[in-house]
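# Notes for the structure review
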Amino acid sequence: MRVLVVTAVRAEADAVSDGLGAATERRLPGGYVLASHSGADVLAAGVGPAAAAAGTATALAVASPYDLVVSAGIGGGFQPLAPVGSLVVADSIVAADLGAETPEGFLPVDELGFGRTVHHPPPEFAARVAGLLDAVHAPVLTVSTVTGSAARAAELTARHPRAAAEAMEGFGVAEAAAAYAVPVVEIRAVSNAVGPRDRSAWRIGQALESLRYACRQLSPVFEKSPWESP
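Counting from 1, residues in each chain are numbered in the order their sequence is written. pLDDT decides what is reported in this predicted model: residues at 70 or higher carry local features, side-chain atom pairs at 80 or more are listed and counted, and totals for whole chains, interfaces and linings draw on all residues regardless. Excluding hydrogens and water, the side-chain values take into account all heavy atoms of the structure.

## A closer look at the pairing of strand E3 (residues 33-37)
Remember that side chains alternate between the two faces of the sheet whenever the strand is regular. So the rule is basically this: Pairing between strands requires that DSSP locate at least two bridges from one strand to the other. Only runs of H or I of at least four residues qualify as helices and only runs of E of at least two qualify as strands under DSSP, and these elements are numbered from the N terminus.
As paired elements, strand E2 (residues 24-27) and E3 share 4 bridges and run antiparallel to each other. Across the sheet, residue Glu25 finds its bridge partner in E3, namely Ala35. The antiparallel hairpin formed by E2 and E3 contains 5 residues in its connecting segment, where Gly30 sits at a positive phi of about 90 degrees. By the bridge criterion, 4 bridges tie E3 to strand E4 (residues 40-44) in an arrangement that is antiparallel. Counted as the bridge partner of Leu34 is Leu43 from E4. Between E3 and E4, which pair antiparallel in sequence order, lie 2 residues; one of them, Gly39, sits at a positive phi of approximately 95 degrees.

## Looking at the layout of surface pockets
For clarity, the threshold we go by: A 1.4 Å probe that fits into a set of points on a 1 Å grid over the protein atoms alone but cannot get out defines a cavity; an open set with protein on both sides within 12 Å along at least five of seven lines defines a pocket, and lining residues are those with an atom within 4 Å of a point. Grid points are joined across faces, edges and corners, and a volume is the space filled by probe spheres set on the points. Residue polarity follows a fixed list, in which Ala, Val, Leu, Ile, Met, Phe, Trp, Tyr, Cys and Pro are nonpolar, Asp, Glu, Lys and Arg are charged, and the others, Gly among them, are polar.
In this structure, the largest pocket spans a volume of roughly 540 Å³. Surrounding the largest pocket, 29 residues form its lining, Ile74, Gly75, Val146, Ser191 and Asn192 being those nearest its centre. For the lining of the largest pocket, the elements supplying multiple residues, two or more each, are helix H1 (10-20), strand E5 (68-77), strand E11 (165-167), strand E12 (184-193) and helix H6 (204-222). Sort the elements by how many residues they give to the lining of the largest pocket and E12 lands first, with 4 residues. For the lining of the largest pocket, the per-class residue count stands at 16 nonpolar, 7 polar and 6 charged. Taken as a whole, the second largest pocket holds about 180 Å³ of empty space. Considering the residues around the second largest pocket, the lining is formed by 13 residues, among which Arg10, Ala13, Val33, Val42 and Ala44 are closest to the centre. Residue assignment for the lining of the second largest pocket shows that the elements contributing at least two residues are H1, E3 and E4. Sort the elements by how many residues they give to the lining of the second largest pocket and H1 lands first, with 4 residues. When grouped by side-chain class, the residues that make up the lining of the second largest pocket number 8 nonpolar, 2 polar and 3 charged.

## Remarks on the packing of aromatic side chains
Cut-off, in case you're wondering: We call Phe, Tyr and Trp rings a pair once their centres come within 6.5 Å, taking the six-membered ring for Trp, and we label the pair stacked below 30 degrees between planes, edge-to-face above 60, and tilted otherwise. Here, over-ring charges are defined by two tests on the NZ atom of lysine or the CZ atom of arginine: distance to the ring centre within 6 Å, and angle to the ring normal within 35 degrees.
All told, the structure shown has 0 aromatic pairs when counted by the stated rule. Above the plane of the ring of Phe106 lies Arg159, whose end atom (NZ or CZ) is 4.1 Å from the centre.

## Re empty space enclosed by the protein
Across all of its chains, the model carries 2 cavities of 30 Å³ or more by this definition. Each pocket or cavity is described by its volume, and for the largest cavity that value is around 40 Å³. Taken together, Leu68, Val70, Phe125, Val129, Val185, Ile187, Leu218 and Phe222 make up the full set of residues lining the largest cavity. Elements with a contribution of two residues or more to the lining of the largest cavity: E5, helix H3 (123-133), E12 and H6.

## Brief notes about the pairing of E5
The cut-off we apply is this: Burial classes: relative accessible area under 20% of the type maximum marks a residue as buried, over 50% as exposed, and values in between as partly exposed (1.4 Å probe, protein chains only).
Across the 10 residues that make up E5, a large majority, 10, are buried. Here strand E1 (residues 3-7) runs beside E5; their pairing, made up of 4 bridges, is parallel. Along E5, the bridge assignment pairs Val5 with Val70. Pairing between E5 and E12: 9 bridges, direction parallel.

## Focus on the environment of Pro80
Among the structural elements, Pro80 can be located in the loop between E5 and strand E6 (87-95). For Pro80, a relative accessible area of 75% corresponds to the exposed category. It is 8.8 Å that separates the C-alpha atoms of Pro80 and Ala164, two residues lying 84 residues apart in sequence.

Below, the structure written as structure tokens:
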């Protein structure tokens with residue numbers, strides 16, 4: 001299986017690469033740098049869904065054919081479901097703020113008659129990966145603005161009661177993967193609780209170590225035939 005792993009920033013890409021082992025670098029159009037490992041390539045595409053989609057689409061267009069795309073990185077965890085340091089594997093990838101505000105509340109873009117707001121990873125494969133990593137298996141929300149208040153956290157929880165994590169890139173990665181008919185999985189290592197912004201409570205180093213561990217565990221999976229059991 002050939003896998004494309006997409007992160008937002010270099011620190012996340014470095015953690016992924018550390019877990020996967022030795023790599024060679026390849027430059028892509030647009031200034032992207034692809035780290036090629038046995039079974040997987042790693043790309044830091046930028047922050048937010050638009051940058052993530054653009055970088056993913058570039059790699060899918062010009063690099064080797066891929067059997068799977070993985071959106072990976074750190075993110076916020078909804079408490080108490082996903083504590084700091086834990087891993088989350090998405091059973092759905094949800095664009096949580098793509099839509100319109102109305103007097104009656106938020107309407108997602110699909111209810112407005114435009115596009116979609118959810119991508120579903122291959123269910124059996126994603127569940128097996130979650131089991132292998134001892135990860136929470138639940139929806140991961142994609143947001144363009146990270147949650148920084150209790151009110152916003154409560155609003156998201158009310159709309160998405162099963163959500164375990166939020167991040168900024170998964171849906172963009174999934175949109176690009178869908179355009180190329182490549183399955184997608186999202187893996188998040190929790191660095192902070194979703195809620196009031198408190199940088200002193202962030203545990204980015206711990207989350208990056210969890211991400212490194214996850215990729216170390218998944219490295220042999222990425223080298224197997226597509227959809228072979230981990």
